[in-house]
Every structure is written in C-alpha cells, then in structure tokens.
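Structural overview
These are the residues of each chain, in order.
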Amino acid sequence: MADSKREIERKFEFETNKAARRGVPDLTGTAGIAEVADRGTVDLDAVYYDTPDQRLAADGLTLRRRTGGADAGWHLKLPVSPGVRDEVTAPLSDTVPRSLAALVRSRVRDGGLGPQVRLLSSRQVSHLLGADGALLAELSTDSVRAEAEPAGAGGAAAGGVEAAQAAAAVATWTEVEVELADGVDPALLDAVEKKFRKAGIRVSDAPSKLARALAETGNQPATRPEPGPAEGTAGAYVLAYLREQRDALVAQDPAVRRNLPDSVHQMRVASRRMRSAFKTYRKILDRDVTDPIGEELRHLGRELGVDRDQEVLHERFQAGVEGLPRTLRHGPVRGRLRTWNNGRRADSRRRALDCLDSPRHLALLDALDALLADPPLLPAAAKPAGKALPKAVLRDYERLAGRMEHALSLEPGEERDHALHDARKAAKRARYAAEAAEPALGKPADRQAKAMKSVQTLLGDHQDSVVAREALRGLAEQAAAAGESAFSWGVLYARTEALAASCERELPEIWDKASDPALREALAP
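Residues numbered from 1 in each chain as written. Predicted model: local features only at pLDDT ≥ 70, side-chain atom pairs only at ≥ 80, totals over all residues. Heavy atoms only, no water.

1. Let's talk about the overall build of the protein chain
- A count of helices and strands for the protein chain gives 17 helices and nine strands.
- Projected onto its principal axes, the C-alpha positions of the protein chain cover 80 × 65 × 45 Å.
- Put simply, 76% of the contacts in the protein chain that link residues at least 6 apart link residues at least 24 apart.
- Taking the 78 positively charged and 79 negatively charged side chains of the protein chain as two groups, their mean positions are separated by 2 Å. (Helix = DSSP H or I, 4+ residues; strand = E, 2+ residues; numbered from the N terminus. Contact = heavy atoms within 4.5 Å. Lys, Arg positive; Asp, Glu negative; His and termini not counted. Charge placed at Lys NZ, Arg CZ, Asp CG, Glu CD.)

Structure, rendered in structure tokens:
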C-alpha cells in the first residue's frame, strides 16, 4: 500500500568555501521560529531508479529506494510546481513496488527500470519550532556523495536493489534543505532564504539531488530536439500545441491513478484537444496518419468519460439534495444518493484504470511520440502561421454556425436536444481551434476562443441537464422500488428541466454575441 504527502521545500547551497565553513546561521527569531532543536545526524543510502534513457528524470520525477532515517522505503516524487512535489511512499522491498510502478507507467512503458545513481548522505537534522513548540519545518544539512551506476547496471538489475560497488563517476557536495511541516505558510521559506542570502547561502540551481547527481557524474543522456518545421510556420505552432497535449496525457496518468480531483477531466480534455486539432488542422498534418490515432484518442475519451460523467452527476445531485429545504426532502435521499454513486463510481473507476493499464493505451502513447518525432507534414505546414491558421479557425466557426442555425430552428424537444448536443461538440472544436492558434495570432484568437467558450458552456449546461434528468428518473424508480418516497427526486427533476429551459432562452443572445462578425474580421488573414 502506498501513502502520499505534499512536500514543500527549498534547497540551498553555499556560495563559497568560507560560507560553508561558517555553516548555517542561527534561524531563531526568523519568521516566528522560536527554537532550533538539534535532532542529530543520520546516514542515508538511496539508489535512484529510472529507464536507461532516464525518462523519469527528464520529466522531473524521482524514484528511489532508501535505507536509513525514519522514512526508509521506496519514494516516488511527482512535481506539482517549483519547490512543491507530491511524495508517494511504499515499504522496503527487493523490487519496485507495483503501486509505484503503475504511477510511472505512462513514462516508462516497456523501458524497464534499473539503478542509475546511488547517493550516500550524512544528514544533520534540526527542527524549527514555533513558540508553542509546534514543528514549523525541518532543516537538513547534507554531505552528499553521488556514485553513477556503471554502464549496463540498469538493464541487468531491472527492478532489483543490488547496486554495483564500482561506480563510473563520483561527485560530492554539501546542500541545505528546508522542508515545511504540514499547513505551514510558505512565506517561512522566503524569510529563511533572505536570512541565508546574508550568510552566503543561495538557492540551489539544481531542482533535486538526483538532477545534480546526474549532471555532476556525467550520467545524463544526450537530448535530441524533436524535428519540425521552421519557426513561425503553421506547422511549428500546431506541433507545439500537440506536444502540450501529449505531455498532459502523460502527466495526468498518475494523477488519475491516485484519484486526484479533476484529473480524469484534465486527461479527457487533453485527448479531446489533440483529436480536435487533428481535424481542424487537417491541411497541415496528413489525415492518413492522424485519423487512426484520433480514433484511439476517441476510445480513451469514452473510457474516461464514464468516470467523469458519473463524477459530474454526483456533484450536481449532491448540491441539489443539500439545497433542498427540509420540507422538500422526503425519505433517505442522502443515503439513496450515496448508494447509487458508490456502485456506479466503483465500476466507472475500474473501467478507467483498466483502460490506462491496457497495451492499447501504451500503443497510443507510443504512436503520439512517433508522430511528433516524425510529423506527417503537408505543404501547408510550411506557410506562415498568420495565413494558414486563421483559415482553419474560421472553418470550424462556420461548422458551428451551421449547427447552431439548425438547432435554433427546431421546436423544444428531443430532436432539438440532440441538435444542441451536436452544436456543443462543434463549439468545443471551434474553441480548441482558436486556443491552439492563440500563440501565433494573439488577441483575435483569444477573443474568438472566449466567445466560443461562452457558447460551449451554455450548451454544456443544457446537455448536462438532459443527462441528469435521465439519471434522476432512474433514482426515482430505485427509491420507489425500495418503498421510499420519490418526491424529492421529482423536485430535482423539475428544477433540472427548468434549468434546461433557461439555457434555451439565453442561447440566442449568447450566440448573437459570439457570432459578432468583428471577431472573424480580426482573425481574417
């Protein structure tokens, strides 16, 4: 079983040997630090694992097996933002724990994990305490010795823990680390940094011990930039956008596995954006190559969508139930909702994880890498972005306009609901097209994207109400079958129906603003 915690820290190094001899200054009185309590010295032995081409390190992840200290075991650190990482831990074992291996699967794939670097650290630990004796942060001064694993050790030991005694290269240094206790204001780190600067101690250039060890032992693989068209061309901007979405798919994989808030949604959006870009910019990238990949992205979106849709429904119904006055809340509605969600969410989450664990998903990630490494560019890719991209954005707008005209011509009812759903999908594509072009086209594309988002949001609220009404009917039937009152579910159904009607009344005005010809004129090449 793996555990996780949010780690907020800052690493420092001595600017000169003289500063190192002076050591760390007394922090008593800095930002509420009332006492610096010495906690002694501990020896740590950590072996860092990665693929032979160091895919984890390239994305800022670290996976290590460490002995010594109070937290001996396996540690996986996932970047959140500069100075902030999520640390996921597992007990000591002879091989990489399955729980951690799953979290790096989108990076490792079939690459295999093996020892890359061994770090031996003598750590002097102090606790920074507040006036009430509560722990504010842990201060560590580490004397580090890094030993690069000899060539071939990674492949030979794949998943094992025996590090070779001989090292290809060695590096030594001293660093200082301040890690905040849970719930402590990060402003403490700023105050400590200010104090350290006066003592000749600066923020380290290396984001982690591993990054420094790889650099100083010469154990970093050569990086090769992905090829592509010339800067400023339509192809360059489209490929940059596709790389962002590919990276998001890979990065959200461990977040989905950890069931982090909004992770399924973000992964699904990345798949939609990429698939949409393939269609929007079909004159820049060869569809014979992108269409099969687009179908795989569609499959991924469907599998993730089951879990995401259930998440959205539950949040909507939970808010609806809590918003009901007591006089309109008949029967065990909270319990009924909980039972309904638990059963459906367990199935939808299992389906999402099965998708991520499938060979089909790894094949999709490999296909995306191959496409970006050798993009199937068409002649239009070499055109200036200012000429080629606006045409694609305007094509998607015209597609949306046609669907909106059709939907608004229909009477309210099931046929119109389907037509509005089709318009919603077209609005998403038009929005994504403008967002992809924004780095090249600037404010005109940004304004177009915002206009399309306003339409998409309203159409999304309408479609959510259509799906919600179907689910509420099912909840009412379940309640009635169990001998419970279905009254509250009927009230929620009526409110949801009213929301759909409100969306339809607002739609003509929202669409009128979004279809302002001035927006398209600003985009015209």
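Let us keep going from here.
2. Here we look at the pairing of strand β2 (residues 35-50)
- Strand direction decides the pairing type here: β2 and strand β6 (residues 114-129), joined by 14 bridges, are antiparallel. What sits directly across from E35, in β6, is L129.
- Direction of pairing for β2 relative to strand β3 (residues 62-67): antiparallel, over a ladder of five bridges. Of the residues in β3, the one forming a bridge with Y48 is R64. (Pairing = 2+ DSSP bridges.)

3. Comments concerning unusual backbone geometry
- Even without being glycine, Q54 reaches a positive phi, approximately 55°.
- Mapped onto the elements, Q54 comes out in the loop between β2 and α2 (55-58).
- Accessibility expressed as a relative area gives 4% for Q54, which makes it buried.
- Unlike most non-glycine residues, R109 shows phi in positive territory, near 55°.
- Summarising the element assignment, R109 is placed in the loop between α4 (105-108) and β6.
- The class of R109 is buried, set by a relative accessible area of 15%. (Buried < 20%, exposed > 50% of the residue type's maximum accessible area, 1.4 Å probe, protein only.)

4. Some details on the nonpolar core
- Of all hydrophobic cores here, the largest spans 45 residues; its most connected members are L242, F278, Y281, I284 and L389.
- Those elements giving two or more residues to this core turn out to be α8 (234-257), α9 (263-280), α10 (287-322), α11 (333-357), α12 (359-373), α13 (385-408), α14 (414-441) and α15 (443-481).
- Setting aside residues no more than four positions away along its own chain, I284 makes contact with A234, G235, V238, P376, L377, L378, A380, A381 and L389.
- Formed by 22 residues, the second largest nonpolar core is a distinct cluster that contains L400, L507, A514 and L519. (Core = buried A, V, L, I, M, F, W, Y, C linked by side-chain atoms within 4.5 Å.)

5. Some words on the side chain of R109
- At 3.4 Å, the side chain of R109 forms a polar contact with the backbone oxygen of L365.
- Apart from residues lying up to four places away in sequence, R109 is in contact with R55, V250, L362, L365, D366 and D369. (Polar contact = N/O pair within 3.5 Å; in protein donor to acceptor, adjacent residues only side chain to side chain.)

6. As for a positive patch on the surface
- Taken together, K283, K383, K387 and K391 make up a surface patch of like positive charges.
- Looking at the element boundaries, K283 is found in the loop between α9 and α10.
- By relative accessible area, K283 is classed as exposed at 52%. (Patch = residues over 30% accessible without salt bridge, like charges linked within 9 Å, V, L, I, M, F, W, Y side chains within 5 Å. Areas by Shrake-Rupley, 256 points an atom, 1.4 Å probe, with all protein chains shown as cover. Salt bridge = Lys/Arg side-chain N within 4 Å of Asp/Glu carboxyl O.)

7. Things to note about the packing of aromatic side chains
- What the rule picks out here adds up to four aromatic pairs.
- Between F12 and F196, the aromatic rings sit 4.9 Å apart at their centres with planes inclined by 85°, giving edge-to-face as the arrangement. Here the residue F12 occupies a position in strand β1 (residues 3-14), and F196 occupies one in helix α6 (residues 187-198), the gap between them amounting to 184 residues. Accessibility assignment for this pair places F12 and F196 in one class, buried. (Phe/Tyr/Trp six-rings, centres within 6.5 Å; stacked < 30°, edge-to-face > 60°.)

8. Let's talk about the pattern of salt bridges
- All chains considered together, the criterion is met by 52 salt bridges.
- In this structure, E470 and R473 form a salt bridge, with 2.4 Å as the shortest nitrogen-oxygen distance. With a gap of three residues between them, E470 and R473 both fall in helix α15, about one helical turn apart.
- The class of R473 is partly exposed, set by a relative accessible area of 35%.
- Among the charged side chains, a salt-bridge network with shared partners connects E7, E9, K11, R64, K77, R85, E87, R123, D142, E175, E177 and K209.

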